[in-house]
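# Per-entry structural report
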Amino acid sequence: MFPKSGNRFPEGPIRATEAAYAAAIAEALASEVGTSRLATKTVMFWTGASDRSARHWLNGDHGPGGLHLILLARNSTAVMKTIMQLADQEGFELTIELSAARTALIRATAIVEALSSKGGYGL
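Residues numbered from 1 in each chain as written. Predicted model: local features only at pLDDT ≥ 70, side-chain atom pairs only at ≥ 80, totals over all residues. Heavy atoms only, no water.

### Some points on the layout of surface pockets
- Of the volumes computed, that of the largest pocket is approximately 170 Å³.
- Mapped by element, the contributors of at least two residues to the lining of the largest pocket are helix H4 (66–75), helix H5 (77–86) and helix H6 (92–119).
- Considering every element that reaches the lining of the largest pocket, the biggest residue donor is H6, with 4 residues.
- Considered class by class, the residues forming the lining of the largest pocket number 4 nonpolar, 5 polar and 1 charged. (1 Å grid on protein atoms, 1.4 Å probe; cavity = no way out; pocket = protein on both sides within 12 Å on 5 of 7 lines; lining within 4 Å. Points joined across faces, edges and corners; volume = space filled by probe spheres on them. Helix = DSSP H or I, 4+ residues; strand = E, 2+ residues; numbered from the N terminus. Nonpolar A, V, L, I, M, F, W, Y, C, P; charged D, E, K, R; others polar.)

Following this line, the structure appears as structure tokens:
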């Protein structure tokens, strides 16, 4: 009988688990949409997932996978930040913040232009 060798990956500084992933996503979602029935409906609308899946994600029972995670990140800045933290890529967080600020400025500019062209509110 030979001793078992190889096939083991060295453990990094962070030991990732499914439970930690689910809890982190749940915390991010709760910070942005809350945990109410409306929050469940919002998550369902963003992802097209079932009521049961959305509740599991919000409760931290399970984490979203694949396409659902991408759709959540598209609609939730908190989820995107969490993904970056879990991937140890927090440098991208500034890029996300700048993108959100840019989007807000574009919206504000469009509102100001619409108001100034409608009635000449002194702008």
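### Examining the pattern of salt bridges
- In total, this model carries 2 salt bridges according to the counting rule given.
- Across the pair Asp51 and Arg37 runs a salt bridge, and its minimum N-O distance is 2.4 Å. Taken as a pair, Asp51 in helix H3 (residues 51–59) and Arg37 in helix H2 (residues 37–47) lie far apart in primary sequence, 14 residues in all.
- Taking relative accessible area as the criterion, Arg37 reaches 47% and is therefore assigned partly exposed.
- The partner of Asp51 in a salt bridge is Arg55, with the nearest N and O atoms 2.8 Å apart. Of this pair, Asp51 and Arg55 both sit in helix H3, 4 residues apart, which is roughly one turn of the helix.
- In this structure Arg55 comes out as partly exposed when scored by relative accessible area, which is 40%. (Salt bridge = Lys/Arg side-chain N within 4 Å of Asp/Glu carboxyl O. Buried < 20%, exposed > 50% of the residue type's maximum accessible area, 1.4 Å probe, protein only.)

### Here's the deal with the nonpolar core
- Core analysis: the biggest nonpolar cluster contains 15 residues, and Ile25, Leu29, Val43, Trp57, Leu58, Leu72 and Val79 have the highest contact counts within it.
- For this core, the secondary-structure elements that each account for two or more residues are helix H1 (18–33), H2, H3, H4 and H5.
- Sequence-distant contacts of Val79, that is, excluding residues within four places in its chain, are made with Ile25, Ala28, Leu29, Leu69, Leu72 and Ala73. (Core = buried A, V, L, I, M, F, W, Y, C linked by side-chain atoms within 4.5 Å. Contact = heavy atoms within 4.5 Å.)

### Points about H3
- Those residues of H3 lying buried are Ala54, Trp57 and Leu58. In a view along the axis of H3, the buried residues occupy a sector of 95°, so they form one face of it. Within H3, the exposed residues directed more than 90 degrees away from the buried face are Arg52 and Asn59.
- On its buried face, H3 sits against H1, H2 and H4.
- Two residues or fewer after H3 comes Gly60, characterised by a positive phi angle close to 80°. (Arc of directions from axis to C-beta.)

### Concerning the side chain of Thr47
- Examined against the element boundaries, Thr47 turns out to sit in helix H2.
- Polar side-chain contacts of Thr47 include one of 3.1 Å to the backbone nitrogen of Ala49.
- Apart from residues no more than four positions distant in its own chain, Thr47 is found in contact with Trp57, His68, Leu71 and Leu72. (Polar contact = N/O pair within 3.5 Å; in protein donor to acceptor, adjacent residues only side chain to side chain.)

### Quick look at the packing of H4 against H5
- The N-to-C vectors of H4 and H5 enclose an angle of 120°; their axes lie 5 Å apart at closest approach. As far as their axial angle goes, H5 and H4 are oblique. Relative to H5, the crossing made by H4 is left-handed. Across from Leu69, Leu72, Ala73 and Asn75 in H4, the residues of H5 making contact are Thr77, Val79, Met80 and Ile83.
- The class makeup of the residues in the contact of H4 with H5 is 6 nonpolar, 2 polar and no charged. (Axes fitted to C-alpha atoms, helices over the stretch in contact; angles between N-to-C directions. Parallel < 35°, antiparallel > 145°, perpendicular 65-115°, else oblique. Left-handed = near helix turned anticlockwise from the far one by under 90°.)

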